[in-house]
Amino acid sequence: MPFGRRTLLVATSTPSAARIDLVTHPHTPTMSTSWLSMKKDDLRVNPKATKFLSSLGDQPLHLVSVFGAARQGKSFLMNALSGMDGVFKVSNALEPCTQGIDVSTSTLSLEKFRAVGGGGAPAAGGGLLSWLPGWGPAAPPEAASGGDDLVGFCDAEGQGDRDVRYDARLVCPALLASRCVIFNWKDSLQKDRILNQLGVMVRAAEGVADSGSGPVFGHLHVVFRDWTFEDDDAAKVKASIFGLEAGGKRGAASPDAVQRDEIRRALEKAFASVDVHLFPPPVDNISQLVKKGGVRRDELAPAFVDRLDGLRSAIVRQLACRSDTALLRADAPASARRLGAVVP
């Protein structure tokens, strides 16, 4: 399956009020639609999503996708990252609210995505949402490529509720289509469990033909949610998870350590880069997350907003560079029309 792997789909509409509901009420209409789903062993494409992608024509389109276990706030994170109300449905129900792969049905320019949260303004004027209370003044314009590029998001069904084969088959097209991939982890620092979950992505990479050079997937961002440990050094956490245990001496290492190292090597080969981000809880009182109307940005914990802005800035820098993967070259960026035509 020849699949272009460049990047994102987000939201363009301007909010009608100064309130930004980052946690969407269950009955709030969302700005997304189902894109991919599985029926038995068959991958299905929603014609509505294909029609939307085709309507964007030949503009370069960057997709940012989120993966991880079910019921751990992936949709909330993506809504907050985009700075838009209700891109993806958020629910506190027992059953997951995302089935298959959802894609946002509105788009931002790369420069406007850069401006969310005051991270930099588009050349034409004030940044997106910069006029809203709590979003802060827009920074001066930054020189960057991709001024006409569009940005959007994908939200994946939680992994782990079904078997690994199902998960790998479902996520592979979205992984290939995305410039940046977020792995959402809302649990303790258990490297064995984390690597086993990431192993789904390794399984997906195994199903992609060897491109000859370079990684087949984009940039991987591992986001630890509700991080409350005193040690707040992301580099140390990254070394703990992704540092090799066997040290090249397989005979001296346990079988489990050897298996974990195999996953680490496969992830390093499959992705353009791997980074770790440590996010504190988004609010001081968890009851705020379930209140009617959602959570405003000015109600989010400052430390959470800082980490969110840092993640967004890192993603913007990566999206502005077009030569980081083997499947999508600088001379052939993926357009929305191309994404709509080649999946699956």
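Residues numbered from 1 in each chain as written. Predicted model: local features only at pLDDT ≥ 70, side-chain atom pairs only at ≥ 80, totals over all residues. Heavy atoms only, no water.

A. Region of interest: the overall build of the chain. Secondary structure assignment for the chain yields nine helices and nine strands. The 344 residues of the chain split such that 53% are buried. Of all intrachain contacts in the chain linking residues separated by at least 6 positions in sequence, the fraction that spans at least 24 positions is 79%. About 14700 Å² of surface is accessible on the chain, with carbon and sulfur atoms providing 51% of the total. (Helix = DSSP H or I, 4+ residues; strand = E, 2+ residues; numbered from the N terminus. Buried < 20%, exposed > 50% of the residue type's maximum accessible area, 1.4 Å probe, protein only. Contact = heavy atoms within 4.5 Å. Areas by Shrake-Rupley, 256 points an atom, 1.4 Å probe, with all protein chains shown as cover.)

B. Here's a closer look at the confidence of the model for the chain. Predicted confidence across the chain gives a mean pLDDT of 74, with 67% of residues reaching 70 or more. This stretch, residues 1-28, has a pLDDT under 50; its non-local contacts, to residues over four places away or in other chains, come to 142 contacts. Note that residues 329-333 has pLDDT below 50 and, in this model, eight contacts with residues that lie over four places away or in other chains. (pLDDT = per-residue confidence, 0-100.)

C. View of helix H7 (residues 255-270). In this model H7 runs 23 Å from its N-terminal to its C-terminal C-alpha over 16 residues, within 8% of the 22 Å that 1.5 Å per residue would give. Of the positions making up H7, those classed as buried are Ala257, Val258, Arg260, Asp261, Ile263, Arg264, Leu267 and Ala270. Structurally, H7 contributes buried residues whose contacts are with helix H5 (191-206), strand S8 (217-224), helix H6 (234-242) and strand S9 (271-278). (Expected span 1.5 Å × (residues − 1).)

D. Quick look at the nonpolar core. Within the largest apolar cluster, 55 residues are counted, with the highest numbers of intra-cluster contacts made by Trp35, Phe217, Phe224 and Phe271. Broken down by element, this core gets its largest block of residues, nine residues, from helix H4 (residues 164-177). For Phe224, the contacting residues outside a window of four places in its chain are Trp185, Leu189, Ile194, Val237, Ile241, Val276, His277, Leu278 and Phe279. If you look at the next biggest cluster of nonpolar residues, it comprises 33 residues, including Phe153, Val305, Ile315 and Ala320. (Core = buried A, V, L, I, M, F, W, Y, C linked by side-chain atoms within 4.5 Å.)

E. Quick peek at the side chain of Asp155. Turning to its location among the elements, Asp155 is positioned in strand S6 (residues 150-156). Buried charge without a salt bridge: Asp155, with Lys74 as the nearest opposite-charge side chain at an N-O distance of 5.3 Å. Separated by 2.4 Å, the side chains of Asp155 and Ser75 make a polar contact. (Lys, Arg positive; Asp, Glu negative; His and termini not counted. Salt bridge = Lys/Arg side-chain N within 4 Å of Asp/Glu carboxyl O. Polar contact = N/O pair within 3.5 Å; in protein donor to acceptor, adjacent residues only side chain to side chain.)

F. Quick peek at the pattern of salt bridges. Taken as a whole, this structure holds 11 salt bridges when the rule is applied. Put simply, Lys191 and Glu245 hold a salt bridge, and the shortest N to O gap is 3.6 Å. On the criterion of sequence distance, the pair formed by Lys191 in helix H5 and Glu245 in the loop between H6 and H7 is long-range, its members being 54 residues apart. Of the charged contacts, one joins Arg264 and Glu245 as a salt bridge, the two residues approaching to 2.9 Å between their closest N and O atoms. With Arg264 in helix H7 and Glu245 in the loop between H6 and H7, this residue pair connects regions lying 19 residues apart in the sequence. Given a relative accessible area of 32%, Glu245 falls into the partly exposed group. A network of salt bridges, in which partner residues are shared, links Lys191, Asp192, Glu245, Arg260, Asp261 and Arg264.

G. Region of the structure containing the environment of Asp192. The residue Asp192 is located in helix H5 in this model. When the C-alpha positions of Asp192 and Gln259 are compared, they lie 9.7 Å apart, and in sequence the two are 67 residues distant.

H. Unusual backbone geometry, seen in detail. Phi at Asp226 is positive, roughly 55 degrees, even though this residue is not glycine. Counting through the fold element by element, Asp226 comes out in the loop between S8 and H6. Its relative accessible area of 27% is what places Asp226 among the partly exposed residues.

I. Region of interest: the packing of H5 against H7. Between H5 and H7, the shortest axis-to-axis distance is 9 Å and the interhelical angle comes to 50 degrees. Considered as vectors, H5 and H7 are oriented oblique to each other. H5 and H7 meet at a crossing whose hand is left-handed. Judged by residue contacts, Lys191, Asp192, Leu195, Asn196, Leu198, Gly199, Val202 and Ala205 of H5 engage Arg260, Ile263, Arg264, Ala266, Leu267 and Ala270 from H7. Looking at the contact of H5 with H7 residue by residue, the classes come out as eight nonpolar, two polar and four charged. (Axes fitted to C-alpha atoms, helices over the stretch in contact; angles between N-to-C directions. Parallel < 35°, antiparallel > 145°, perpendicular 65-115°, else oblique. Left-handed = near helix turned anticlockwise from the far one by under 90°. Nonpolar A, V, L, I, M, F, W, Y, C, P; charged D, E, K, R; others polar.)

J. Seen up close, H4. The end-to-end C-alpha distance of H4, which contains 14 residues, comes to 20 Å, matching closely the 20 Å that a straight helix rising 1.5 Å per residue would cover. Along H4, the helix axis deviates most sharply at Val171, where the bend reaches about 35 degrees; the proline Pro173 sits within four residues downstream. Of all 14 residues in H4, 11 are buried, a share of seventy percent or more. For H4, the set of buried residues is Tyr166, Asp167, Ala168, Leu170, Val171, Cys172, Pro173, Ala174, Leu175, Leu176 and Ala177. (Bend = angle between axes of the 7 residues up to and from the residue.)

K. Spatial organisation of the packing of helix H2 (residues 74-82) against helix H8 (residues 302-319). The N-to-C vectors of H2 and H8 enclose an angle of 75 degrees; their axes lie 10 Å apart at closest approach. Between H2 and H8, the crossing angle belongs to the class labelled roughly perpendicular. Along the contact surface, H2 presents Phe76, Leu77, Ala80 and Leu81, while H8 presents Phe304, Leu308, Leu311, Arg312 and Ile315. Each residue belonging to the contact of H2 with H8 can be placed in one class, and the counts come to eight nonpolar, no polar and one charged.

L. Seen up close, the packing of aromatic side chains. Applying the stated criterion to the full structure yields seven aromatic pairs. Centroid distance Phe183 to Trp185: 6.1 Å. Interplanar angle 20 degrees. Geometry classified as stacked. Neither Phe183 nor Trp185 differs from the other in exposure class; each is buried. Judged by centre distance (5.5 Å) and plane angle (75 degrees), the rings of Phe224 and Trp227 are edge-to-face. Residue classification places Phe224 among the buried positions, given a relative accessible area of 1%. Through a chain of ring-to-ring contacts, the aromatic side chains of Phe76, Phe279 and Phe304 assemble into a single cluster. (Phe/Tyr/Trp six-rings, centres within 6.5 Å; stacked < 30°, edge-to-face > 60°.)

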